[in-house]
Amino acid sequence: KGTYERVADPLWRKLALALSVAVVVSFIAIVIFVVASIALMRFKLLRALEPRGMSWIAKAVGGVSQAGSIMLFNRIYQEVLARLTDLENWKTGTQYEDAAIAKDFSFKIVNAYFACFFVAFVQNNIKVFGEDMHCPLWDCMPELTMTLATIFIVQLTLQQAFELGPPVVAHLAAR
């Protein structure tokens, strides 16, 4: 007896691929909207707190919010990515992995770096939600540095807490 090869219906494959593209593009659009919204919130907080000498609070809240949104979207997207790639019904494991990597890269590059891209290129040049959020003296380098540092530190700290926290809590509870 011969072996059977599983071949997906061409129409189903096209529909699954179209759905995957639509979902990935939607996730990217949501990330862009959330980054812009967090930047607007940070800008309004900065405007309110700067006269009182508490601008660091606005910067910290903005950075922590950006880092939190990046981590949250990564976690949600991982679940969606697996389901989308399964739905596409690839013939080989290599094709499956290639499709998953392409979708993963497309989303994660935007999710991880759009906050920095926004500060570097959008903030001084485009009104966001009707607000002119240009950097002080049109120099965004200090803000970009703070955004990148805050995102990096918060993500590193939270990842370590999520990784090490449960075993430490379990050990302390077992005492």
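Just so you know, these numbers come straight off a predicted model, no measurement behind them.

What follows deals with the overall build of the protein chain. The number of helices and strands found in the protein chain is 4 helices and 0 strands. Reading the secondary structure of the protein chain in the N-to-C direction produces α-α-α-α. Taking 2.2 N^0.38 as the reference for a compact globule, 175 residues should give roughly 16 Å; the C-alpha atoms of the protein chain span a radius of gyration of 21 Å, well beyond that estimate. Viewed in the frame of its principal axes, the protein chain has a C-alpha envelope of about 80 × 55 × 20 Å. For the protein chain, the proportion of its 175 residues judged to be buried stands at 33%. Of the contacts formed within the protein chain by residues at least 6 apart in sequence, a portion of 72% connects residues at least 24 apart. A total of about 11400 Å² of accessible surface is found on the protein chain, and carbon and sulfur atoms cover 68% of it. Seen as two clouds, the 16 positive and the 14 negative side-chain charges of the protein chain have centres 4 Å apart.

Below, the discussion takes up the state of the cysteines. A full pass over the atoms with the stated rule returns 1 disulfide. A sulfur-sulfur distance of 1.9 Å marks the disulfide that ties C135 to C140. One disulfide, between C135 and C140, carries an S-S torsion of 100 degrees and so falls in the right-handed class. Pair check on accessibility: C135 and C140 agree, each one buried. The cysteine C116 is free of any disulfide, with C140 supplying the nearest cysteine sulfur at 12 Å. Judged by relative accessible area, which is 13%, C116 ranks as buried.

Moving on to the packing of helix 1 (residues 10-49) against helix 2 (residues 55-87). At a minimum axis distance of 9 Å, the contact between helix 1 and helix 2 shows a crossing angle of 175 degrees. By the angle between their directions, the pair helix 1 and helix 2 is classed as roughly antiparallel. Partitioned by chemical class, the residues of the contact of helix 1 with helix 2 number 25 nonpolar, 6 polar and 2 charged.

If you look at the biggest cluster of nonpolar residues, it comprises 24 residues, and the most contacted ones within it are V31, V35, Y77, F107, F118, V128 and M133. Mapped by element, the contributors of at least two residues to this core are helix 1, helix 2, helix 3 (93-122) and helix 4 (141-174). Of the residues forming this core, the biggest block, 9 residues, is contributed by helix 1. Setting aside its immediate chain neighbours within four residues, V128 contacts A36, L40, F118, V122 and M133.

Cut-offs used in this document
For every chain, the first residue of the written sequence is number 1, and numbering continues from 1 onward in sequence order. At least 70 in pLDDT is required for a residue's local features to be given in this predicted model, at least 80 for side-chain atom pairs to be given and counted, and no such filter applies to totals for whole chains, interfaces and linings, which use all residues. Water and hydrogen atoms were dropped before computing side-chain values, which therefore reflect all heavy atoms in the structure. Under the scheme used here, helices are H or I runs from DSSP no shorter than 4 residues and strands are E runs no shorter than 2 residues, and both carry numbers assigned from the N terminus. Only C-alpha atoms enter the radius of gyration, while the globule expectation follows 2.2 Å times N to the 0.38, with N the number of residues. For each residue, the accessible area found with a 1.4 Å probe, counting protein chains only, is set against the maximum for its type, and the residue is called buried under 20%, exposed over 50%, and partly exposed in between. Only heavy atoms enter the contact rule, under which two residues are in contact if any of them lie within 4.5 Å. Where accessible areas are quoted, they stem from the Shrake-Rupley method and a 1.4 Å probe; at the residue level, only the protein chains shown are allowed to cover. In this count, Lys and Arg are taken as positive residues and Asp and Glu as negative ones, while His and the chain termini are left out. All charge positions are set by atom: Lys at NZ, Arg at CZ, Asp at CG, Glu at CD. By definition, disulfides here are pairs of cysteine sulfur atoms that lie within 2.5 Å. To get an axis, a line is fitted to the C-alpha atoms, and for a helix only the part in contact is used. The angle between two axes follows their N-to-C directions and goes from 0 to 180 degrees. Throughout this description, any angle smaller than 35 degrees is read as roughly parallel, any larger than 145 degrees as roughly antiparallel, any in the 65 to 115 degree range as roughly perpendicular, and the remainder as oblique. Gly is put with the polar residues, along with every residue not named as nonpolar or charged; the nonpolar set is Ala, Val, Leu, Ile, Met, Phe, Trp, Tyr, Cys and Pro, and the charged set is Asp, Glu, Lys and Arg. Residue types Ala, Val, Leu, Ile, Met, Phe, Trp, Tyr and Cys, when buried and joined through side-chain atoms within 4.5 Å, form a set referred to as a nonpolar core.

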